[in-house]
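Summary of structural features
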Amino acid sequence: MSIDQQAAVTKTGAAVTVRGLQIATTSGVPVVTDLSFEIAAGEVLGVVGESGSGKTTVGLSLLGHARRGLKIVSGSVLLGDQDVLEMDDVALRRLRGSLVSYVPQDPASSLNPALRIGVQLREALKAHGSTSDAENTARIAEMMREVALPDDPEYLRRYPHQLSGGQQQRIGLAMAFANRPRLIVLDEPTTGLDVTTQATVLATVRDLAAAYGSAALYVSHDLAVVAAVASRVAVMYAGRIVELGPADQLFESSAHPYTRRLVGAIPRLTGSRVLVGIPGHAPSPGSRPPGCAFAPRCQLHSPECDEKVPEPLQVVGGHTSRCIKALEVVKLQAVTPGERVQSPRVDSSAPVLSLKNLVAHYGDTEVLHSINLDLEHHECLAIVGESGSGKTTTARAIAGLHRDWTGSIRLGDLDLATSAHARSTDVRRQIQYVFQNPYGSLNPRKSVGETVGQPLQVFGIASGREADHRVAEMLEQVSLSASYARRYPDQLSGGERQRVAIARALISSPSVLVCDEVTSALDVSVQAAIVELLGNLQRELGLSMVFVTHNLPLVRSIAQKIVVLANGSIVEYGDTAAILGNPQQEYTRHLISNTPSLETARMEAVELASEFGPSHALHVTRSAGI
Amino acid sequence: MKRLRGGGIPGFVLRRALLGMLVLFLVSVIVFAATQALGDPARAILGREATPDRLEVLRKQLNLDQPVLTQYLSWFSGIFHGTFGTSLASQLPVGDMLGPRLVNSALLVVCAAVISIPLSIIIGSYAALRRERKFDKVSSNAMLVLTALPEFVVAVLLVILFSTTVLHLLPAISPVPPGHWPWEYPDGLILPVATLVIAVAPYVSRIMRASMIEVLETDYVEMARLKGLPERTVLYKHALPNAIGPVFQVIAITLAYLAGGIVVVEYVFAYPGIGSLLQDAVVNHDIPVVQALAMIIAAVYVILNMFADIGTIIVTPRLRTRL
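Residues numbered from 1 in each chain as written. Chains lettered and ligands numbered in written order. Predicted model: local features only at pLDDT ≥ 70, side-chain atom pairs only at ≥ 80, totals over all residues. Heavy atoms only, no water.

What about the overall build of chain B?
Note the cut-off: Only DSSP runs of H or I covering at least 4 residues are called helices, and only runs of E covering at least 2 are called strands; the numbering of each starts at the N terminus. Relative accessibility thresholds used throughout: buried, under 20% of the residue-type maximum; exposed, over 50%; partly exposed, between the two (1.4 Å probe, protein chains only). The contact criterion used is simple: two residues touch if any of their non-hydrogen atoms lie within 4.5 Å. Each accessible area is a Shrake-Rupley estimate made with a 1.4 Å probe; only the visible protein chains count as cover when residues are assessed. The charge count treats Lys and Arg as positive and Asp and Glu as negative. His and the chain ends do not count. Charged side chains are reduced to one point each, which is NZ for Lys, CZ for Arg, CG for Asp and CD for Glu.
Within chain B, the secondary structure is distributed over 13 helices and zero strands. Of the regular secondary structure in chain B, the N- to C-terminal order runs α-α-α-α-α-α-α-α-α-α-α-α-α. C-alpha extents for chain B along the principal axes are approximately 85 × 65 × 30 Å. Burial status across chain B gives 41% buried among its 323 residues. Residue pairs at least 24 apart in sequence account for 70% of intrachain contacts in chain B once pairs closer than 6 positions are excluded. If you sum the accessible surface of chain B, you get close to 16,900 Å²; carbon and sulfur atoms cover 69% of it. In chain B, the 25 positive side-chain charges and the 20 negative ones have mean positions that sit 13 Å from each other.

Structural data, given as structure tokens:
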């Protein structure tokens, strides 16, 4: 970088400037290619991308760190006039945690289980020269108050496992802001937290960044979350930034087909739209095409796209897109959400499944208090709630996986035994379950064909050639080709695995399908495709479904009825549109208002702009009241 | 187990001690039953000289004419008095025979432990830090070879190397005259201790390496580095305490194994410990001595495992705070 350029950067007040960053595996396969961006002081830059896009790798490189098996090949990360990538180990150690700090994805595994939280906070201060115990104690107390945690010594003597997930993440934030860093890298800090906790963590991040004038890089796969916290957004695909611009512009008038499809895949609270997934999946490092990496999945694909990687094209000032047709794309109509969901007619003559006075225990604790529910034929009933609300326990009790319950669960006019063991084969066939984590629910030693075909044998439905035929048919029905039968789970992506799990559940023609957070481990575009698939199957096969989720907007796209659980009791139960459109209970309203979405983010952006003036908060001097 | 909580670490130790005693009681039943099943001790002692009359006299002398339960109870109460009955071969109280032998063996095991535990923790940790580099490759392969060698081979190799063929630095055998203690002959301790160290350290260091590698890959170690902590703090404060918990268990099992597996080493070096005593006792059908040694080895297992669990709990707050 020339002196002129550097001067220009200093003038614009960039806290960090990244130029031409290249990261590759140690064997030389490029992972992150030609990355350039800057972040102003006090600004939050969101980095959005699906798994494997290289977003975490970029975040860590700002601290001069590359994970095992990766190395930073070239480029510069300028912090003021220092290049982080040129620093030796000693300089890097001084940099980390003081000038640049990091908030990791999983607070539970990032805090040392063997050390008290007070000790872990204090060492962050001590490592950077602050040796006065009294000063450190005062600073820790101040930080604890800023992240809305108790600051008494008793609390600081706790171990990480004695804190909830949200509290652990706020400790992570306190630690990151302790030395008043100039740049803070947040790596999906709210993944795994429920909406209420997520909302407080997001607010804390925004306020702290503004109060300390720290630049922040916020990495996430969740567009709605990024929209809620970031003023500018970089969209990453296959190791490159494909679009970079102000958050509202980028989401409203996307200039890259990939962004456009991503936005279309987000479920929305405001209307029951069909979610449209992106067909195919992102190329893995090493198998990226020579031209535009998104071209094979792009509807606007033309031969020139495959010739060379498109250079960033300026759409308007500060908004660039790596698409040769960016100017056409941006003029396309405002991102169109899918069409309205056409729900199948619900047959309410007799419920297929009914829960009466269901009370469940875990050990001595009562976790469900008198749950009464009906599932009609062809109906999809969503069970929503925060973590610990009892939604998964309800689903597991229905399937007989949790057996410590009383009350009655009826399938048609049959009273069900508590555990799946005690139920008849036919009952077990009629209730099928799809688990949250497709990485854990498929036996790695069985081929897809064996996995999907097993229920046919177990329930004596078909065997031999007839079974193979049915498996092939079922795989086609979940949009996998019949040739997948010979593959093994480790050869499949997360979305493909979940399709296999759905195929396994549906092959025995169940009358009730229980889906337990089936999309929470998947990327947005894959989530959309899975929900699309479930919706189609429900319409075609007339399925009755119990759909457990913590994702409220998703419910609008799939369920006709919704039941809101809190602390093991039903808070609200009824028609989805009615309840989400006009919630009667404070708890439901609270859940809805804490759900980040592109719409509410836009409103908040307007509020923020009027509060701080139109330029994005340079050196905001606002006390960090939380 | 849900009701067996509370009392913090002292409460846990008390519960484990009581449980350990129960285990030892069960072991005593099994040991007694097993040795009963070996056959008639009187016949074993007299061998070919056994005539019905002499057998009868000896049986009376050994209380073998009493009911089995009475025999068991008198033996069992002997454990508490430290007498363990009378040796059939030497006619001495077993307790008196055991005392010095126990001290001799304990000396070997303690020396081996004091050297091998820190050594294997250091080697294992360092190999983990230098993962897939030269030190790690060399030490891992060397450790694998050493783990595969039985103790008697190691012992013989050491003797060839340091005493007989190559060098003549150390005594090939380590006898201790009766009435003397082994620390009066420190030269004689070196090779037996070295053999035990080589038997134990490779295995423990391999486990330490694996445990350390796992910990070094964790998010909290990465986080500690990204906080800008000095590498020394990252290793000693963040990585080591978490890596060492599982290793305690392995150390305990290995040391307990030493207590039993010392037989071969003591035999090779003609060292007067419990190992050689056990060997003689088995050859002579000296059942009271075999019973006593079996009980002592069982007690060593129980005690070491208890220490290992306590150690693990102390370094693992998640377990400690649940007590």
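As for the sheet that holds strand β22 (residues 569–575) of chain A
Residues and elements named next belong to chain A. Using the following cut-off: Pairing between strands requires that DSSP locate at least two bridges from one strand to the other. Fitted lines through C-alpha atoms give the axes, limited to the stretch in contact for helices. The angle between two N-to-C directions lies from 0 to 180 degrees.
If you trace the six strands from one edge of the open sheet to the other, you get β18-β19-β20-β15-β21-β22, paired in mixed fashion. Edge positions in the open sheet fall to β18 (431–434) and β22, since each of these has one partner strand only. Averaged over all adjacent pairs, the angle separating strand axes in this sheet is 15 degrees, with direction ignored. Where strand β21 (residues 561–566) and β22 come together, six bridges link them in antiparallel fashion. Its bridge partner being in β22, Val 564 is matched across the sheet by Glu 572. In the packing of helix α19 (residues 494–506) onto the sheet, contacts are made with β18 and β19 (512–516), and the angle to β18 comes to roughly 175 degrees.

Considerations on the pattern of salt bridges
Two side chains that carry opposite charge are able to pair once their charged atoms sit near each other. Our working definition: Within this document, salt bridges are pairs made up of a side-chain nitrogen of Lys or Arg and a carboxyl oxygen of Asp or Glu, the two lying within 4 Å of each other.
Summed over all chains, the structure comprises 22 salt bridges over all chains. The partner of Glu 132 of chain B in a salt bridge is Arg 68 of chain A, and the shortest N-O contact between them spans 3.6 Å. Of this pair, Glu 132 of chain B sits in the loop between α5 (94–129) and α6 (134–148) while Arg 68 of chain A sits in the loop between α2 (55–61) and β4 (70–79), on two different chains. Residue classification places Glu 132 of chain B among the partly exposed residues on the basis of a relative accessible area of 48%. Put simply, Arg 225 of chain B and Glu 231 of chain B hold a salt bridge, and the shortest N to O gap is 2.7 Å.

What to know about the side chain of Thr 25 of chain A
Residues and elements named next belong to chain A. Position of Thr 25 relative to the elements: it lies in strand β1 (residues 14–25). Judged by its relative accessible area of 18%, Thr 25 is buried. Leaving out residues up to four positions away in the same chain, Thr 25 has contacts with Val 31, Gly 69, Leu 70 and Lys 71.

Observations regarding the packing of α19 of chain A against helix α20 (residues 524–541) of chain A
Relative orientation and spacing of two packed helices are given, respectively, by the angle between their axes and the distance between those axes. Residues and elements named next belong to chain A. Put simply, the rule is: An angle counts as roughly parallel when it lies under 35 degrees, as roughly antiparallel when it exceeds 145, as roughly perpendicular when it falls between 65 and 115, and as oblique in every other case. It is the rotation of the near helix from the far one that decides the hand of a crossing: anticlockwise by less than a right angle makes it left-handed, clockwise makes it right-handed. Residues are grouped as follows: Ala, Val, Leu, Ile, Met, Phe, Trp, Tyr, Cys and Pro are nonpolar; Asp, Glu, Lys and Arg are charged; all remaining types, including Gly, are polar.
Their axes nearest at 10 Å, the elements α19 and α20 cross at an angle of 20 degrees. With respect to α20, the axis of α19 lies roughly parallel. Like other packed secondary-structure pairs, α19 and α20 cross with a definite hand, here right-handed. Counting all contacts with α19, which are made through Gly 495, Gln 498, Arg 499, Ile 502 and Leu 506, the residues of α20 involved are Val 526, Ala 529, Ile 530, Leu 533, Leu 534, Leu 537 and Leu 541. Classifying every residue of the contact of α19 with α20 gives nine nonpolar, two polar and one charged.

Some remarks on the sheet that holds strand β17 (residues 414–415) of chain A
Residues and elements named next belong to chain A. Taking strand neighbours across the sheet as the criterion, the four strands line up as β14-β13-β16-β17 in an open arrangement whose pairing is antiparallel. On the outer flanks of this sheet lie β14 (365–375) and β17, each paired with one strand and no other. Bridge analysis of strand β13 (residues 353–362) against β14 gives seven bridges, and the strand direction is antiparallel. Across the sheet, residue His 361 finds its bridge partner in β14, namely Glu 366.

Quick look at unusual backbone geometry
Residue and element names in this part refer to chain A. In the Ramachandran plot, His 378 falls in the positive-phi region, its phi being about 60 degrees despite a non-glycine side chain. Checked against the element boundaries, His 378 lands in the loop between β14 and β15 (380–384). Note on His 378: relative accessible area 28%, which makes it partly exposed.

Brief notes about the interface of chain B and chain A
Selection rule: In short, buried area is how much 1.4 Å probe accessible area vanishes from two parts on joining, totalled over both. What qualifies as a polar contact is a pair of N or O atoms within 3.5 Å, subject to a donor-acceptor requirement within protein and to the restriction that residues adjacent in sequence count only when both atoms come from side chains.
Taken together, the contact between chain B and chain A spans 23 residues of the former and 30 residues of the latter. Across the chain B to chain A interface the summed buried area is about 2,300 Å²; carbon plus sulfur atoms make up 55%. Contact with chain A buries surface across chain B, with Met 223, Leu 226 and Lys 227 of chain B losing the most and accounting together for 28% of the total. Counting the contacts that link chain B with chain A gives four salt bridges. With a closest N to O distance of 2.9 Å, Glu 123 of chain A and Lys 227 of chain B form a salt bridge. Seen at the junction of chain B and chain A, the total is 14 residue pairs in polar contact (both at pLDDT 80 or more). Elements with a minimum of two residues in the side of chain B that touches chain A: α9 (219–226), α10 (231–268) and α13 (317–320) of chain B. Considering every element that reaches the side of chain B that touches chain A, the biggest residue donor is α9 of chain B, with six residues.

Digging into the confidence of the model for chain A
Residues and elements named next belong to chain A. Our working rule: Each residue carries a pLDDT score, the predictor's confidence in it, ranging from 0 to 100.
Residue-level pLDDT values for chain A average 85, and 90% of them are 70 or greater. Low confidence marks residues 1–11, where pLDDT is under 50. Its contacts with residues over four positions away, or in another chain, come to seven contacts. Here residues 605–626 scores under 50 on pLDDT; set against residues more than four positions off or in separate chains, the count is 27 contacts.

Here's the deal with the pairing of β21 of chain A
Residues and elements named next belong to chain A. Counting buried positions over the six residues of β21 gives five, a clear majority of the element. Where β15 and β21 come together, four bridges link them in parallel fashion. For Leu 381, the partnering residue across the bridge sits in β21 and is Lys 561. Where β21 folds back onto β22 in an antiparallel hairpin, the turn is made up of two residues, including Asn 567, whose phi is positive at roughly 45 degrees.

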